[in-house]
Amino acid sequence: MLAISCFNPERSSRSLANCQGVQRRTMLRAGALGAFGLSMPSVQRLHAEAGTPDNGKSVILLWLDGGPSQLETYDPKPDAPSEYRGPWGDLQTNVPGINFSSMLPLHAKHADKMCVLRSVHHDTGDHFAAGHWMLTGRFGATAANKQSTSPSVGSCVAKLKPATQPGMPNYVGLPAAHAIYRYPGYMGSAYLGPGYDPFQVNMKQKYMSAVYKAPIQNPPFLESMSGEASRSNTRMSLLKSLDGIDRAIDQSGMMASMDGFQQKAVDMLLKGSARKAFDIDQESAATRDRYGRGPWGHYTLMARRMVESGVRFVTVDMPHWDTHSRIKVGMETRLPYLDMAVDGLMTDLAERNLLDDVLVVIMGEFGRTPRLNSGQAGIPIPGRDHWGSAMSVVMAGGGLRMGQAVGATSSKAEHPISSPQRPDDVLATIYHVLGIDYRHISFNDYSGRPVPMLDNGTPIAEVI
């Protein structure tokens, strides 16, 4: 098994002036080189040694933070008693035998390009434990100890698969990657180091509901990059003259690894390749309308722009699914926006011939209780509570076998009755799509002990 030693750079006491990386020495020490996708020679050697040739594929994760109900989305039970089936019926998709909630009519047009995993489970109702498990493939954090203990799937991908175009980040959070209010939390790099955390596009305007009405701000770094480009190049030239000194005294080898190719990547970033990719105003009004003008549609469209520009892993935050009460109102103010964003993305990927190259994953941390409750304190209107024994995960594209539902739950969506899948199976499938031989790769944890990427997990045979 190939063990990868992870350099833990000393944190600088000085903060970055902006997102351009103009304070180059500070950027290196903070590990930001990896965040901007500047391909290290060691990473290229890793691909050859680990048998993971680059297939150029990328992942878009639509993260439904809070945990959506399986019955109101991808596993409706129209024949169950009313206290289980909820306020809506089901809808026949374009694949015979696969029905979605009647609240997802646009999804139904794309079922032939999707695979619905209906039997995913981890059996915990703890938000923190469930989020950590789904995003890292391991049980780790809990409500009592929220600290992440393992790197996320996005960070592992960022470590092993540099962006396909220089000057772009490997891993992007739109507007900011998080899980259960923690930024980046279980979306983060843990012991891989901060260089493999997601590039957070806008931490000032984040965690936006589907019905958020205020104008969506442009990424703050766009203004910095535009206003200081010439000054940044001057600073880069000055810092370059200091590099000889740094290279002579740097014992970590980080400075020495900054070769000409990497310098070119920094130059491309400063000259506008990233600025252009993040500028959603370049999209037509018709395309933006297709996705929806709210934050969920806006950032799903930006995710498509990211993978087209070479980013390997993109997370789109779609929060507020913790519907302990008012499930009817709650779903009516979420599902149509999810439906439109997914329709826009699937249509766009198909029209651009990107479906085989981009894997779309839709999931949250768990499902919801099959039986409706009587509401919560002060809100006596039915909803659903936490449920880790059955949840649905959607995969689309990526070259997988689509147009099918894998696994099944009981007649009331209580637990799997066929083909049960675990979170590490979901992640193993993602790694398989990207050509990552996770079985033969380990990373050194904080103590220097090699830890496998996954302890268990097998790519889901039905979709391969």
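Heads up: the structure comes first, above all this text.
Residues numbered from 1 in each chain as written. Predicted model: local features only at pLDDT ≥ 70, side-chain atom pairs only at ≥ 80, totals over all residues. Heavy atoms only, no water.

J.: How should the overall build of the protein be read in this particular structure?
T.: When you go through the protein residue by residue, the secondary structure sums to 15 helices and 17 strands. Excluding contacts between residues fewer than 6 apart, the proportion of contacts in the protein whose partners are at least 24 apart in sequence is 73%. Roughly 17,700 Å² of accessible area belongs to the protein as shown, and the carbon and sulfur atoms make up 51% of that amount. (Helix = DSSP H or I, 4+ residues; strand = E, 2+ residues; numbered from the N terminus. Contact = heavy atoms within 4.5 Å. Areas by Shrake-Rupley, 256 points an atom, 1.4 Å probe, with all protein chains shown as cover.)

J.: Where do I start with the packing of aromatic side chains in this structure?
T.: On inspection of all chains with the given rule, the structure shows eight aromatic pairs. When the ring of Tyr-191 is compared with that of Tyr-446, the centres are 5.8 Å apart and the planes differ by 90°; the resulting orientation is edge-to-face. With a gap of 255 residues between them, Tyr-191 in the loop between strand S6 (171–174) and strand S7 (199–200) and Tyr-446 in the loop between strand S16 (441–444) and strand S17 (450–452) connect regions that are remote in the sequence. Tyr-446 gets classed as exposed once you look at its relative accessible area, which sits at 56%. Where Tyr-431 meets Tyr-438, the ring centres are 6.1 Å apart and the plane angle is 35°; that geometry is what we call tilted. (Phe/Tyr/Trp six-rings, centres within 6.5 Å; stacked < 30°, edge-to-face > 60°. Buried < 20%, exposed > 50% of the residue type's maximum accessible area, 1.4 Å probe, protein only.)

J.: Quick question: what am I supposed to make of the sheet that holds strand S8 (residues 313–317) here?
T.: Paired through their backbone hydrogen bonds, the strands of a sheet run either parallel or antiparallel. What the eight strands build is an open sheet, ordered S7-S6-S8-S2-S9-S12-S5-S13; its pairing is mixed. In the strand order of this sheet, the two ends are held by S7 and strand S13 (404–406), each with one partner. Both S6 and S8 contribute to a ladder of four bridges, which runs parallel. By the bridge assignment, Gly-173 is partnered in S8 with Thr-315. Set on the sheet, helix H5 (residues 127–136) makes contact with strand S2 (58–63), strand S5 (114–120), strand S9 (358–363) and strand S12 (391–397); between it and S2 the angle comes to about 165°. (Pairing = 2+ DSSP bridges. Axes fitted to C-alpha atoms, helices over the stretch in contact; angles between N-to-C directions.)

J.: Quick question: what am I supposed to make of the pattern of salt bridges here?
T.: If the charged atoms of two oppositely charged side chains come close together, the side chains can form a pair. Applying the stated criterion across every chain yields a total of 22 salt bridges. The residue Glu-283 makes a salt bridge to Arg-304 at a minimum N-O spacing of 3.0 Å. In this pair, Glu-283 is assigned in the loop between helix H10 (273–278) and helix H11 (285–291) and Arg-304 in helix H12 (residues 295–308), connecting sequence segments 21 residues apart. Each member of the pair, Glu-283 together with Arg-304, is buried. Measuring nitrogen to oxygen at the nearest pair gives 3.4 Å for the salt bridge that ties Arg-290 to Glu-351. With a gap of 61 residues between them, Arg-290 in helix H11 and Glu-351 in helix H14 (residues 335–351) connect regions that are remote in the sequence. With a relative accessible area of 28%, Arg-290 lands in the partly exposed category. Here the salt bridges do not stand alone but share partners, grouping Glu-283, Arg-290, Arg-304, Arg-305, Glu-308, Asp-348, Glu-351 and Arg-352 into one network. (Salt bridge = Lys/Arg side-chain N within 4 Å of Asp/Glu carboxyl O.)

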